[in-house]
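Spelled out, the chains give:
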2 protein chains.
Amino acid sequence: MAITEIPGGHGWAVPLAVGDAVRLVNTFGSQVVDTWALARHDTSEYLSVEHTRRMIANLFPGQGDIFYSNRRSKMLSLEKDTAPGRHDMLFACCDKWLYQHYGCAPGHRTCRDNFLQALFAAGFDANFVPNPVNLWMNIPVSADGHVGIEPPVSRPGDEVVLRALMDVLVVFSACPMDVTPINGPDRTPRPVYAEVLVQAAS
Amino acid sequence: MAITEIPGGHGWAVPLAVGDAVRLVNTFGSQVVDTWALARHDTSEYLSVEHTRRMIANLFPGQGDIFYSNRRSKMLSLEKDTAPGRHDMLFACCDKWLYQHYGCAPGHRTCRDNFLQALFAAGFDANFVPNPVNLWMNIPVSADGHVGIEPPVSRPGDEVVLRALMDVLVVFSACPMDVTPINGPDRTPRPVYAEVLVQAAS
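Described in the following lines is the structure provided in the data block. Per chain, residue numbering runs from 1 following the sequence as it is written. Numbering of ligands from 1 and lettering of chains from A proceed in the order in which they are written. With pLDDT at 70 or above as the cut-off, local features in this predicted model cover only qualifying residues; side-chain atom pairs require 80 or more to be listed or tallied, and sums for whole chains, interfaces and linings still use all residues. The basis for every side-chain value is the complete set of heavy atoms in the structure, and neither hydrogens nor water enter the calculation.

### Quick look at the overall build of chain A
Here is the rule we go by: Helix numbering and strand numbering both begin at the N terminus, where a helix is a DSSP run of H or I of at least 4 residues and a strand a DSSP run of E of at least 2. Just to be clear, the radius of gyration here is over C-alpha atoms, and the globule rule we use is 2.2 Å times residues to the power 0.38. Only protein chains enter the calculation, and the probe is 1.4 Å; a residue is then buried if its accessible area is under 20% of its type maximum, exposed if over 50%, and partly exposed in between. Throughout, a residue-residue contact means that at least one pair of heavy atoms, one from each residue, lies within 4.5 Å.
Helix and strand counts for chain A stand at three helices and ten strands. Secondary structure elements of chain A occur, N-terminal to C-terminal, as β-β-β-β-α-β-β-α-α-β-β-β-β. Since a compact globule built from 202 residues should have a radius of gyration of about 17 Å, the 16 Å found for chain A is in line with a globular shape. With the principal axes as the frame, chain A shows a C-alpha extent of 50 × 40 × 30 Å. The proportion of buried residues among the 202 residues of chain A is 56%. When contacts within chain A are restricted to residue pairs at least 6 apart in sequence, long-range pairs at least 24 apart make up 77% of them.

### Describing the relation of the copies chain A and chain B
Stated precisely, the cut-off is as follows: Least-squares fitting of one copy onto the other uses the C-alpha atoms of those residues that reach a pLDDT of at least 70 in both copies.
For the pair chain A and chain B, the best superposition has an RMSD of 0.0 Å and corresponds to a rotation of 180 degrees with a translation of 0.0 Å parallel to the axis. Look at the turn and shift together and you get a two-fold axis relating the two. A shared binding surface is used by both copies, with 100% of the interface residues of chain A retained as interface residues in chain B.

### What to know about the side chain of D34(A)
As a reminder of what qualifies: In this count, Lys and Arg are taken as positive residues and Asp and Glu as negative ones, while His and the chain termini are left out. Here, a salt bridge means any Lys or Arg side-chain nitrogen found within 4 Å of an Asp or Glu carboxyl oxygen.
Note on placement: D34(A) falls in strand β4 (residues 33–39). As a buried residue without a salt bridge, D34(A) has its nearest oppositely charged side chain in R72(B), at a separation of 8.4 Å. Not counting residues within four places of it along the chain, the set of residues in contact with D34(A) comprises C93(A), C94(A), C111(A), P132(A), V133(A), N134(A), V171(A), F172(A), S173(A) and C175(A).

### Regarding the interface of chain A and chain B
A common measure of how large an interface is: the accessible area buried when the components associate. What counts here: Accessible-area loss on putting two parts together, using a 1.4 Å probe and summing over both, is the definition of buried area adopted here.
Residue-level contacts link 36 residues of chain A with 36 residues of chain B. Summing the contributions of chain A and of chain B, the shared interface buries around 3,000 Å²; its carbon and sulfur component is 55%. Together, R54(A), R72(A) and W97(A) form the three largest contributors to the area buried by chain A at its contact with chain B, with a combined 20%. One can count two salt bridges joining chain A with chain B.

### Re the pattern of salt bridges
Under the criterion given, the structure shown has 18 salt bridges over all chains. As a salt-bridge pair, D95(B) and R72(A) come within 2.8 Å of each other at their nearest N and O atoms. With D95(B) in the loop between β6 (74–81) and α2 (96–101) and R72(A) in the loop between β5 (66–68) and β6 (74–81), this pair bridges two chains. The pair D95(B) / R72(A) is uniform in exposure class, with both members buried. Among the salt bridges present, the one from R155(A) reaches D158(A), with a minimum N-O distance of 2.9 Å. Exposure remark for D158(A): the relative accessible area of 4% places this residue in the buried category. Each of R23(A), K80(A), E159(A) and E195(A) takes part in one network of salt bridges that share partners.

### Side note on the sheet that holds strand β9 (residues 168–174) of chain B
Residue and element names in this part refer to chain B. Operational definition: Two strands are counted as paired when DSSP detects at least two bridges linking them. Simply put, an axis is a line fit to the C-alpha atoms, just over the touching stretch for a helix, and the angle between two N-to-C directions goes from 0 to 180 degrees.
Across the sheet, four strands lie side by side as β2-β9-β4-β7; this open sheet has antiparallel pairing. The sheet is open, and its two edges are formed by β2 (11–16) and β7 (133–135), each paired on a single side. Strand-to-strand twist in this sheet, taken as the mean axis angle between neighbours without regard to direction, amounts to 25 degrees. Bridge analysis of strand β4 (residues 33–39) against β9 gives seven bridges, and the strand direction is antiparallel. Looking across to β9, one finds that A37 is bridged to V170. Relative to β9, helix α3 (residues 111–121) is tilted by about 140 degrees, and along the sheet it contacts β2, β4 and β9.

### Structural notes on the sheet that holds strand β3 (residues 21–26) of chain B
All names here are of chain B. Spatial ordering of the open sheet is given by β1-β10-β3-β8-β6-β5, a layout of six strands whose pairing is antiparallel. Unpaired on one side and paired on the other, β1 (3–6) and β5 (66–68) mark the two borders of the sheet. For this sheet the average axis-to-axis angle between neighbouring strands, irrespective of direction, equals 25 degrees. With six bridges connecting them, β3 and strand β8 (residues 158–164) associate as antiparallel partners. Bridge pairing links V22 to L162 in β8.

### Structural notes on the nonpolar core
To be explicit about the condition: In this description, a nonpolar core means a group of buried Ala, Val, Leu, Ile, Met, Phe, Trp, Tyr and Cys residues linked to one another through side-chain atoms lying within 4.5 Å.
The biggest cluster of nonpolar side chains holds 58 residues, and the ones touching the most others in it are F115(A), V171(A), F115(B) and V171(B). Core analysis: the second largest hydrophobic core is formed by 34 residues, I56(B), M75(B), L78(B) and M89(B) among them.

### Considerations on the packing of aromatic side chains
Put simply, the rule is: Geometry of aromatic contacts follows a simple scheme: Phe, Tyr and Trp rings, the Trp one being its six-membered ring, pair when their centres are within 6.5 Å, and the pair is stacked under 30 degrees between planes, edge-to-face over 60, tilted otherwise. Throughout this description, the term charge over a ring refers to an Arg CZ or Lys NZ atom that lies within 6 Å of the ring centre and within 35 degrees of the ring normal.
For the structure shown, the criterion picks out five aromatic pairs over all chains. When the centroid spacing of 5.0 Å and the interplanar angle of 75 degrees are considered together, the rings of Y46(A) and F128(A) count as edge-to-face. With a gap of 82 residues between them, Y46(A) in the loop between β4 and α1 (49–56) and F128(A) in the loop between α3 (111–121) and β7 (133–135) connect regions that are remote in the sequence. Through pairs of rings, three or more aromatic residues link up here, namely Y46(A), F128(A), Y46(B) and F128(B). The cationic tip of R86(B) hangs over the ring face of F60(B); the distance from NZ or CZ to the ring centre is 4.0 Å.

Dropping the structure here:
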């Protein structure tokens, strides 16, 4: 299937049937991608990081781990993960209130708006914005619980493969953050690309 | 104001005007209390642990910390906290799907149902259940990100005071969990009590 480039700072939604997967490549290595999944039959069922943490007993998802829904159903598996670092499940996506907090002018792109726009463009709706999985986002946790904000340690070409364990809509946002170094020390959002891997007919 | 006893396994909602506070006492020391707050003018604004973690730069709230909403507004302050341990902001509340996972019969009480019932009884509605602050819940985090499930280290009479920084509805659920030792090694939900502290007129 065709490759889709997601421009830096923009979002994209892709429906997956159970068994299909999406491969997401960090072209330049430094781009954080906020990632959501919602059940296509009922978007009030969504990938829940607070349920996933409980079910995998870890703050950080790793290769082979499963992402659970808010009904504790298996939603996606992290089938492949080539990056040396971690992915974050602790921080809310960036939103207009965060950019206000940083003193930015109104109208700054946000992952929250990207989520909603991509969802609506795909024909779905939502009453609220779940806490995303922030792929490649480097949020180190200290023994006293302090959480840092660091540039990614991922490398150009690092990739993840997310396999659908139910019919889902996956939404990506190549995070537009340009205030903190979360997308690299040069604070520049960059494109990533995605490829849908359709399950071979058996 | 009168003291309200919340029976073990049950919920209670209390409206607070800005400046008012609620004092919650862990009568027997071993009871986890799942805690939510919603803006009274618009319950789509709610206490968000994923925003709070980002704003206080810590996994665990401590005395003096502020709980932020999903619009990054100051919602509640943890004005007093006498317990030696931590409070959890990592785990979803217990729900029917967790008790199914543990093999319990249908109809087990849950914090999720307690939240919804208390909210409805107070005349409010909600489209979804936010991740709560789990007062006194002991979820230790290891250097590798592993999260444990341990009995509380709080003591009989330990208390918190939550001060409203906007007009809010606070919802408590004295967690009905009796499968894991999260409410103490004897796995027995017990009552707690709450007292509203109305701000003195100036």
